[in-house]
Amino acid sequence: MPIPGLDEYTIRSYLNKFLLLLGIVIIIYAILWILAELKLIPVIIFAIFPQIVLLLVGIFIVYIALSKRKSY
């Protein structure tokens with residue numbers, strides 16, 4: 001039973017946006033890790049990065065929910 005309002009292209013669009021966000025987060029995390037290992041940035045910035053990522057994912061989910069609400 002298909003979900004109303006979610007066709008194949010919409011799901012693919014959301015998946016592409018999520019994977020793009022995930023790729024950007026992985027790249028930033030890797031750069032922060034390298035900079036922390038080289039002692040160019042404080043380790044605390046590297047340590048709080050997962051919380052920042054969770055915040056970004058939450059903002060992304062709220063954005064998608066609000067943008068879908070306007071379409072009904």
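The coordinates are above.
What you see is a predicted model; the values in this text were computed from it and never measured. (Residues numbered from 1 in each chain as written. Predicted model: local features only at pLDDT ≥ 70, side-chain atom pairs only at ≥ 80, totals over all residues. Heavy atoms only, no water.)

## Here we look at the overall build of the chain
We apply this condition: In this description a helix means any DSSP run of H or I spanning at least four residues, a strand means any run of E spanning at least two, and both kinds are numbered starting from the N terminus. Each residue gets one of three labels from its accessible area relative to the maximum for its type: buried under 20%, exposed over 50%, partly exposed in between, using a 1.4 Å probe on protein chains only. Calculation of accessible area relied on Shrake-Rupley with a 1.4 Å probe; when residues are assessed, cover is drawn exclusively from the protein chains displayed.
The helix and strand inventory of the chain stands at two helices and zero strands. Across the 72 residues in the chain, those meeting the buried criterion constitute 14%. In the form shown here, the chain has an accessible surface area of approximately 6,100 Å², with 78% of it arising from carbon and sulfur atoms.

## Side note on a nonpolar patch on the surface
Applied cut-off: Here the term patch refers to residues with relative accessible area over 30% and no salt bridge, with like charges joined within 9 Å and nonpolar side chains (Val, Leu, Ile, Met, Phe, Trp, Tyr) within 5 Å. Whenever a carboxyl oxygen of Asp or Glu lies within 4 Å of a side-chain nitrogen of Lys or Arg, that contact is scored as a salt bridge.
Judged by side-chain polarity, Ile44, Ile45, Ile48, Ile52, Leu55, Leu56 and Ile59 come together as a nonpolar surface patch covering roughly 620 Å² of accessible area. Structurally, Ile59 can be placed in helix α2 (residues 43-69).

## Quick look at the packing of aromatic side chains
For clarity, the cut-off: Stacked, tilted and edge-to-face pairs are distinguished by plane angle, under 30 degrees for stacked and over 60 for edge-to-face with tilted covering the rest, among Phe, Tyr and Trp rings (Trp via its six-membered ring) whose centres lie within 6.5 Å.
Counting across every chain of the model gives two aromatic pairs. Three or more aromatic residues link up through ring pairs in this structure, and these residues are Tyr29, Trp33 and Phe49.

## Notes on the nonpolar core
Basically, it comes down to this: Among buried residues, those of type Ala, Val, Leu, Ile, Met, Phe, Trp, Tyr and Cys that are joined through side-chain atoms within 4.5 Å constitute a nonpolar core.
Within the largest apolar cluster, seven residues are counted, these being Val25, Leu32, Ala36, Ile41, Phe46, Phe49 and Val53. Secondary-structure elements contributing two or more residues to this core are α1 (8-37) and α2.

## Section: unusual backbone geometry
The phi angle at Lys39 is positive, at roughly 60°, despite the residue not being glycine. With respect to the element layout, Lys39 can be found in the loop between α1 and α2. The exposure class assigned to Lys39 is exposed, which follows from its relative accessible area of 68%.

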